[in-house]
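# Summary of structural features
Each chain, letter by letter, is given below.
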Amino acid sequence: MMQFVVIGGDAAGMSAASRAKRNWPEMEITVLEKTMDVSYSACGMPYNIADPNRPIDDLVVRPADVFRKKQGIKVLTGHLGERIDRQKQIVHVISQDGSSFKIAYDKLLIATGAHPILPELPGFDLPGILALKSLEDGRKIKEYIKNNNVKKVVIIGMGYIALEMCEALRTLNIEVDMVKPRKAFLPWMNPEMAKMVKKEVESHGVNLFSGYEILYAEKSDNRLNIVCDNLTLTADMVLVGIGIAPNNKIALDGGLELGICQSISVDKMLKSSDENIYAAGDCADAYHVVTGKKTWIPLALRANRSGWAAADNVCGKQIRLEGVAGTAVFKVFNLEVARTGLNPQEAAEAGFDPASVTIKSRSRAHAHPGSKTIQVQMVGDKKSGRLLGAFMVGEEGAAHRINASAVALHNHMTVESFSTTDLSYAPPFGPVWDPLLTAANQLLKAL
Ligand SMILES: Cc1cc2nc3c(=O)[nH]c(=O)nc-3n(C[C@H](O)[C@H](O)[C@H](O)COP(=O)(O)OP(=O)(O)OC[C@H]3O[C@@H](n4cnc5c(N)ncnc54)[C@H](O)[C@@H]3O)c2cc1C
């Protein structure tokens, strides 16, 4: 019977293990997970941390024992996949008790995810300097806040996780300073829209310090100092949110080909450079449906979907994933921030001749009460007329509205054909001309 081994037991890994078992109930499936947690919603952590009454384990979607007892999947928590021997088709495993053993595979899936990047600067190993990636990280942060009477936090970084955590901490009435070396706030967004988000964050009492080189961290009495060029910020806890990098060690040591951002290079069937080894989720690359080139955009849907597809292919199906559009949304205080596809700079770098417009519209019909401003930036290609990207910010109606443009990107639609689509309308949900259609009509003039 085929032996399918999965390294990594979260979104991609457990999706793959479940799918393979459903496809092929007799298959022997072993999942190696180095922590004690499998199958949890990392995305829910900021909201869980914001609520001291909710146990963090609420975020576990399906406990390891359910996979073991109900699905017959051998889930080995506390087991690190340390190294692969591709010739012998063996994984070397180290268990938390220090013992080691080998597992043979016919097909292997690497679903090791990513790890948070920590600044390689003095003092960043001090207690109270934490990063949020795994459920264990979430547990530690929640406990640290509870046990250390945390009144003030410095967040390093201003990406989406940093901003979600900023909101969570403000909900707990904790003071927040955010600091980063680069000047621009949300550098991938046009400055006018980024300003709207910045204003929203600042209006909730958060101090933003952009353009400060971070030098080191130090203990000062019972608190922590983040020392920057011309600025020292003091806090009870420091949260590092400066990005993540793929967990590629096992692939690198095994001689597998790496791709963009050092993620594991896979084809559209999720196969790595070894035909018996697949990779899925945050550790692997993907194709971008707009550029047709490789990209690395570590998000949850792709992790789940690529885990499924890898398992289907292990089971002999021929599933190809065309790619991702980079569709992403997040909430910060009262704003929804959304994007799909390319901004003008990314489009130019990919060889397009981009034009873009930014419009202001409303989330509800003209005279409908409660209507809010929605800003839309839409990007198209002057040469082909293709739609290349859309960006949106608003108090309501941005997060889900972006999906129409994501579907258009997957279908390589032109701005003109997108402008003729039959989008929904009723006064509580938008103007007759949906903000996306208004943006497309304006963009047509600029192409
Ligand atoms: C705070 C936060 C908020 C987020 N919000 C969103 C959101 O709103 N929307 C969105 O789309 N995405 C969001 N994400 C990203 C999303 O959670 C990830 O894209 C997704 O979890 C990736 O799944 P994965 O299975 O590829 O990797 P991971 O979830 O990182 O899982 C990999 C697993 O492999 C294990 N592992 C690693 N190496 C080994 C090894 N050698 N041996 C054994 N086990 C190993 C790890 O312990 C881990 O459990 C968020 C992430 C965080 C941290």
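Criteria and cut-off values
- Residues numbered from 1 in each chain as written.
- Predicted model: local features only at pLDDT ≥ 70, side-chain atom pairs only at ≥ 80, totals over all residues.
- Heavy atoms only, no water.
- Core = buried A, V, L, I, M, F, W, Y, C linked by side-chain atoms within 4.5 Å.
- Buried < 20%, exposed > 50% of the residue type's maximum accessible area, 1.4 Å probe, protein only.
- Contact = heavy atoms within 4.5 Å.
- Patch = residues over 30% accessible without salt bridge, like charges linked within 9 Å, V, L, I, M, F, W, Y side chains within 5 Å.
- Areas by Shrake-Rupley, 256 points an atom, 1.4 Å probe, with all protein chains shown as cover.
- Salt bridge = Lys/Arg side-chain N within 4 Å of Asp/Glu carboxyl O.
- Helix = DSSP H or I, 4+ residues; strand = E, 2+ residues; numbered from the N terminus.
- Pairing = 2+ DSSP bridges.
- Axes fitted to C-alpha atoms, helices over the stretch in contact; angles between N-to-C directions.
- Right-handed = clockwise from strand over helix to strand, strands pointing away.
- Disulfide = S-S within 2.5 Å.
- Near = heavy atom within 4 Å.
- Nonpolar A, V, L, I, M, F, W, Y, C, P; charged D, E, K, R; others polar.
- Expected span 1.5 Å × (residues − 1).
- Phe/Tyr/Trp six-rings, centres within 6.5 Å; stacked < 30°, edge-to-face > 60°.
- Lys NZ or Arg CZ within 6 Å of the ring centre and 35° of its normal.

### Re the nonpolar core
One broad trend across soluble globular proteins is that nonpolar side chains are buried collectively. If you look at the biggest cluster of nonpolar residues, it comprises 71 residues, and the most contacted ones within it are Ile155 and Met178. Once residues within four sequence positions are removed from consideration, Met178 is found in contact with Ile155, Gly157, Met158, Ala162, Leu163, Cys166, Val206, Asn207, Leu208 and Phe209. Ile73, Leu256, Ala284 and Val314 belong to the second largest nonpolar core, which has 47 residues in total.

### Here we look at a nonpolar patch on the surface
A cluster of nonpolar residues, Tyr425, Val432 and Trp433, forms a patch on the protein surface that exposes about 350 Å² of accessible area. Secondary-structure assignment places Tyr425 in the loop between helix 11 (415–419) and helix 12 (435–446).

### Some words on the sheet that holds strand 6 (residues 100–104)
Spatially, 3 strands are ordered 4-5-6 in an open sheet, and the strand pairing comes out antiparallel. In this open sheet, the two strands that pair with only one neighbour each are strand 4 (79–85) and strand 6. Strand-to-strand twist of the sheet, defined as the mean angle between neighbouring strand axes without regard to direction, takes the value 30 degrees. Direction of pairing for strand 4 relative to strand 5 (residues 90–95): antiparallel, over a ladder of 6 bridges. Looking at strand 5, one finds that Ile84 is bridged to Val91.

### So, the pairing of strand 1 (residues 3–7)
Counting buried residues along strand 1, 4 of its 5 residues qualify, which places the element largely inside the surrounding structure. Both strand 1 and strand 2 (residues 28–33) contribute to a ladder of 5 bridges, which runs parallel. Directly across from Val6, in strand 2, lies its bridge partner Val31. For the crossover from strand 1 across helix 1 (residues 11–23) to strand 2, the handedness is right-handed.

### Some thoughts on the state of the cysteines
Scanning all chains against the criterion turns up 0 disulfides. With no disulfide of its own, Cys228 lies 17 Å from the sulfur of Cys166, the closest cysteine sulfur.

### Re the site of the ligand
Close to the ligand lie 31 residues, the nearest being Asp10, Ala12, Glu33, Asp282 and Ala300. Broken down by secondary-structure element, the contributors of at least two residues to the shell around the ligand are helix 1, strand 2, strand 4, helix 5 (160–171) and helix 8 (300–314). If one sorts the elements of the shell around the ligand by residue count, strand 4 sits on top with 3 residues. Of the residues belonging to the shell around the ligand, the class tally is 17 nonpolar, 9 polar and 5 charged.

### Topic: unusual backbone geometry
Glycine aside, the phi torsion of most residues is negative, and most peptide linkages are trans. A positive phi angle, near 70 degrees, is found at Leu270, a position not held by glycine. Along the polypeptide, Leu270 turns up in the loop between helix 7 (249–253) and strand 18 (277–279). By relative accessible area, Leu270 is classed as buried at 5%. Notably, Phe333 is not glycine yet its phi reads approximately 50 degrees, a positive angle. Examined against the element boundaries, Phe333 turns out to sit in the loop between strand 21 (328–332) and strand 22 (335–341).

### Observations regarding helix 5
Because an α-helix completes one turn every 3.6 residues, residues spaced three or four positions apart along the sequence face the same direction. Taking 1.5 Å of rise per residue, the 12 residues of helix 5 would be expected to cover 16 Å, and the 17 Å separating its terminal C-alpha atoms lies within 8% of that figure. Buried within helix 5 we find Ala162, Leu163, Glu164, Met165, Cys166, Glu167, Ala168 and Leu169. Positive phi shows up at Asn173, right after helix 5, with a value of about 65 degrees.

### Regarding the side chain of Ser210
Considering the arrangement of structural elements, one finds Ser210 in strand 12 (residues 207–210). Dropping the residues within four chain positions of it, Ser210 is found in contact with Met158, Lys180, Arg182 and Lys183.

### Describing the packing of aromatic side chains
For the structure shown, the criterion picks out 3 aromatic pairs. Aromatic pair Trp188 and Phe391: ring centres 6.3 Å apart, planes at 35 degrees, arrangement tilted. Residue Trp188 is located in the loop between strand 11 (175–180) and helix 6 (191–202), and its partner Phe391 is located in strand 25 (residues 387–394); the two are separated by 203 residues in the primary sequence. The class of Trp188 is partly exposed, set by a relative accessible area of 24%. Just above the ring of Trp308 sits the side chain of Arg19; from NZ or CZ to the centre is 3.9 Å. The aromatic ring of Tyr287 is capped on one face by Lys268, whose charged end is 5.0 Å from the ring centroid.

### Section: the pairing of strand 7 (residues 107–110)
Both faces of strand 7 are covered, namely the face carrying Lys107 and Leu109 and the face carrying Leu108 and Ile110. As paired strands, strand 1 and strand 7 are joined by 4 bridges and run parallel to one another. In the strand pairing of strand 7, Val5 is matched with Leu108.

### With respect to the pattern of salt bridges
Counted by the stated rule, this structure contains 21 salt bridges. Across the salt bridge formed by Lys152 and Asp177, the nearest N and O atoms sit 3.0 Å from each other. Highlighted residues: Lys152 in strand 10 (residues 152–156) and Asp177 in strand 11, separated in sequence by 25 residues. Each member of the pair, Lys152 together with Asp177, is buried. Here Glu346 ties to Arg339 by a salt bridge, and the two come within 2.9 Å at their closest N and O atoms. For Glu346, a relative accessible area of 27% corresponds to the partly exposed category. Classification of Arg339 as buried rests on a relative accessible area of 13%. Among the charged side chains, a salt-bridge network with shared partners connects Asp37, Asp57, Glu136 and Arg139.

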